[in-house]
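A closer look at the structure
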Amino acid sequence: MSRETDRGAAAAVAGTLLAVLMGWEGLALHLAAPALPAPTQVAGMAAWLARDGTLFTDMVASLRRVFTGFTVAAVLGLGLGALGALGGQWTAGLRALVAVIRPIPPIAWIPLSILWFGLGDPSAWFIVFIGAFAPVFVQTCWALSRCPPRYLELSRSLGAGPWLTLLRVRLPAAAPGVVAGLRTGLGLAWTSVIAAELVGAQSGLGYRIQMHRVVLETDGVMVGMVCIGLCGLVMDGLARQVERRLVDWAP
Amino acid sequence: MSTSTVIEGLRYTFPGAEAPVLDGVSFQVSEGTTTAVLGPSGVGKSTLLRLIAGLLPAEAGRVDVPQSEDGVPVAMVFQDPRLLPWMTVRENLEFALEAAGVPAGHRRARWEPLLASVGLAETARLRPGALSGGMAQRVGVVRALSLNPRLLLLDEPFGAVDPLLRAQLQSALVRLLTERSTTAVLVTHDVQEAAVVADRVLVLGGRPSRVVAEQRIELPHPRDGLSSAVAAKARAIRGALEACAPA
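Not measured: the values here are computed from a predicted model.

**Focus on the overall build of chain B**
Counting secondary structure elements, chain B contains seven helices and nine strands. What you see for chain B is a C-alpha radius of gyration of 18 Å, in line with the 18 Å of a compact globule of 247 residues. Taken along the three principal axes of its C-alpha coordinates, chain B extends 50 × 40 × 35 Å. Looking at chain B as a whole, 51% of its 247 residues qualify as buried. In chain B, once contacts between residues fewer than 6 apart in sequence are set aside, the share between residues at least 24 apart is 70%. Carbon together with sulfur atoms contributes 51% to the accessible area of chain B, which is approximately 10,800 Å² in total.

Spelled out as structure tokens, the structure:
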């Protein structure tokens, strides 16, 4: 992208943000106090929460839960996804099981996770795991079982055995799909942790939103929401960078 | 021990089809010569190459390629260059040699001079996405030749490039085949390409397909595609093709 196009995009983003903030401020003037706090009020609350360290502590707590739950989901999703793709009919049961579990939203698991793991980190890790596992599994399975036939034919024509074909052809060919699954899983891990913290945690951005909601501090609620959005944006940006480096050959 | 490649009585039916696409296809390819296979679309030219390469199982017949001490029996150049996009040119070439069981220390000596001989030494570190169609196809030819095949199969390798580049690629191919005395079977739909590259032309036709005509091209290499002798051979091949085309 040229520098001029970059500048144009940055100007468009800034203009949109400014318009939203102005519209938000205008709307806040016409609504009753706790329903919609003004952006200036939210910024004030954010500064206050940042100064006393609460904001930072909550963000770190949420990120640590995401990291733990997502790591387990990624390892198991990649491993079992590969097994599902390469195991043929022997792993049809595994694929069917994940297909049934996949549509159940992570939030539906919260009651059970609290019963199983109690209030606290293990429960949140489990919810994050549930949110991230299915996309990683499904994408890994899908990408590995759909290697372009022309590459497999080339590999056979060269006399490559199944092991060499797996390592040098099937796995790299699947990499873009697998990385896309990891990215989707990371995004869902982040939304899942917030859901888990809303009811089953003693810290984190979701927990903080819930605490502010109880005392009708909607500015605090919105600080939490904005932080969630920004953290998600940064995480997705980092994941994109990793994706570009890992599969820079993909169109 | 015979030094010719013998193809005898090949038959193949596509899965689900009632009648075979090829039946009783027999011919021999003498060592160091190039045989072109022509025929109407759908006659089974590419299928024939895949049967010879062992990529499809023949229902009947045999393919007998002489054994090689320092190379593979058969290597194939596909219609598309089929370079693996996540590997550099060097890695693509080394992967082929690794698959053929060439020890790591001996691989570079096999591909490097060949790549340089087609003017692509500078591309070794590039990914296929950075190459033009013609460059990628030349790398495909280098990959196949670096395996020292007793029989090189070429499936319309220059079908997707413009006429000027095609002529250059044909010249480069003929030079490499001649220098290395490589035995080759070239599938093409281009009668002029057959007349420039091949020593013999086989025409496939009929239902199911078999070899219905043969033309020998006893002209010295390199051949000028615009010369009257090559043009006369191309006309003769076209005549044989038209004679077997369905009315």
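**Here's the deal with the sheet that holds strand 8 (residues 200-205) of chain B**
Residue and element names in this part refer to chain B. Taking strand neighbours across the sheet as the criterion, the six strands line up as 5-6-7-3-8-9 in an open arrangement whose pairing is mixed. The strands lining the two open edges of the sheet, one partner per strand, are strand 5 (74-77) and strand 9 (210-216). On average, adjacent strands in this sheet sit at an angle of 20° to one another, irrespective of strand direction. Judged from the six bridges that link them, strand 8 and strand 9 form a sheet pairing that is antiparallel. Counted as the bridge partner of Leu204 is Val211 from strand 9.

**Quick notes on the packing of aromatic side chains**
When we look at a pair of aromatic rings, we describe it by the centre distance and by the angle of the planes. Counted according to the given criterion, the structure contains nine aromatic pairs over all chains. Aromatic side chains Phe117(A) and Phe126(A) sit 5.3 Å apart centroid to centroid with 40° between the ring planes, which places their arrangement in the tilted category. Look at Tyr151(A) and Trp86(B): their rings are 5.4 Å apart centre to centre, the planes differ by 85°, and that puts the pair in the edge-to-face class. Taken together, the residues span two chains, with Tyr151(A) in helix 7 (residues 149-157) and Trp86(B) in the loop between strand 5 and helix 2 (89-99). Each member of the pair Tyr151(A) and Trp86(B) is classed as buried. A connected cluster of aromatic rings, assembled from ring pairs, spans Trp109(A), Trp116(A), Phe117(A) and Phe126(A). One residue, Arg150(A), lies across the ring of Tyr151(A), its end atom 4.6 Å from the ring centre. The ring of Phe78(B) has Arg82(B) sitting right over it, with the charged end atom 3.9 Å from the ring centre.

**Re the pattern of salt bridges**
Under the definition given, this model contains 24 salt bridges over all chains. Notably, a salt bridge pairs Asp23(B) with Arg11(B), separated by 3.9 Å at the nearest N-O pair. Remark: Arg11(B) occurs in strand 1 (residues 5-12) and Asp23(B) occurs in strand 2 (residues 22-29); sequence separation between them is 12 residues. With a relative accessible area of 29%, Asp23(B) lands in the partly exposed category. Overall, the relative accessible area of 30% leaves Arg11(B) in the partly exposed class. Arg223(B) serves as the salt-bridge partner of Asp199(B), at 3.8 Å between the closest nitrogen and oxygen. Note that Asp199(B) is positioned in the loop between helix 6 (191-197) and strand 8 and Arg223(B) in the loop between strand 9 and helix 7 (228-244), a separation of 24 residues in sequence. Using a relative accessible area of 22% as the deciding quantity, one classes Asp199(B) as partly exposed. For Arg223(B), a relative accessible area of 10% puts it in the buried group. Sharing partners across several salt bridges, the network here consists of Glu153(A), Arg50(B), Asp80(B), Arg82(B) and Asp155(B).

**Comments concerning the state of the cysteines**
Two cysteines form a disulfide when their sulfur atoms are joined by a covalent bond. All names here are of chain A. Inspection of the entire model under this criterion finds zero disulfides over all chains. Here Cys141 is not cross-linked by a disulfide; its sulfur's nearest cysteine counterpart is in Cys147, at 14 Å. For Cys147, a relative accessible area of 8% puts it in the buried group.

Here is what the cut-offs are and how they apply
- Residues numbered from 1 in each chain as written.
- Chains lettered and ligands numbered in written order.
- Predicted model: local features only at pLDDT ≥ 70, side-chain atom pairs only at ≥ 80, totals over all residues.
- Heavy atoms only, no water.
- Helix = DSSP H or I, 4+ residues; strand = E, 2+ residues; numbered from the N terminus.
- Rg over C-alpha atoms; globule rule 2.2 N^0.38 Å.
- Buried < 20%, exposed > 50% of the residue type's maximum accessible area, 1.4 Å probe, protein only.
- Contact = heavy atoms within 4.5 Å.
- Areas by Shrake-Rupley, 256 points an atom, 1.4 Å probe, with all protein chains shown as cover.
- Pairing = 2+ DSSP bridges.
- Axes fitted to C-alpha atoms, helices over the stretch in contact; angles between N-to-C directions.
- Phe/Tyr/Trp six-rings, centres within 6.5 Å; stacked < 30°, edge-to-face > 60°.
- Lys NZ or Arg CZ within 6 Å of the ring centre and 35° of its normal.
- Salt bridge = Lys/Arg side-chain N within 4 Å of Asp/Glu carboxyl O.
- Disulfide = S-S within 2.5 Å.

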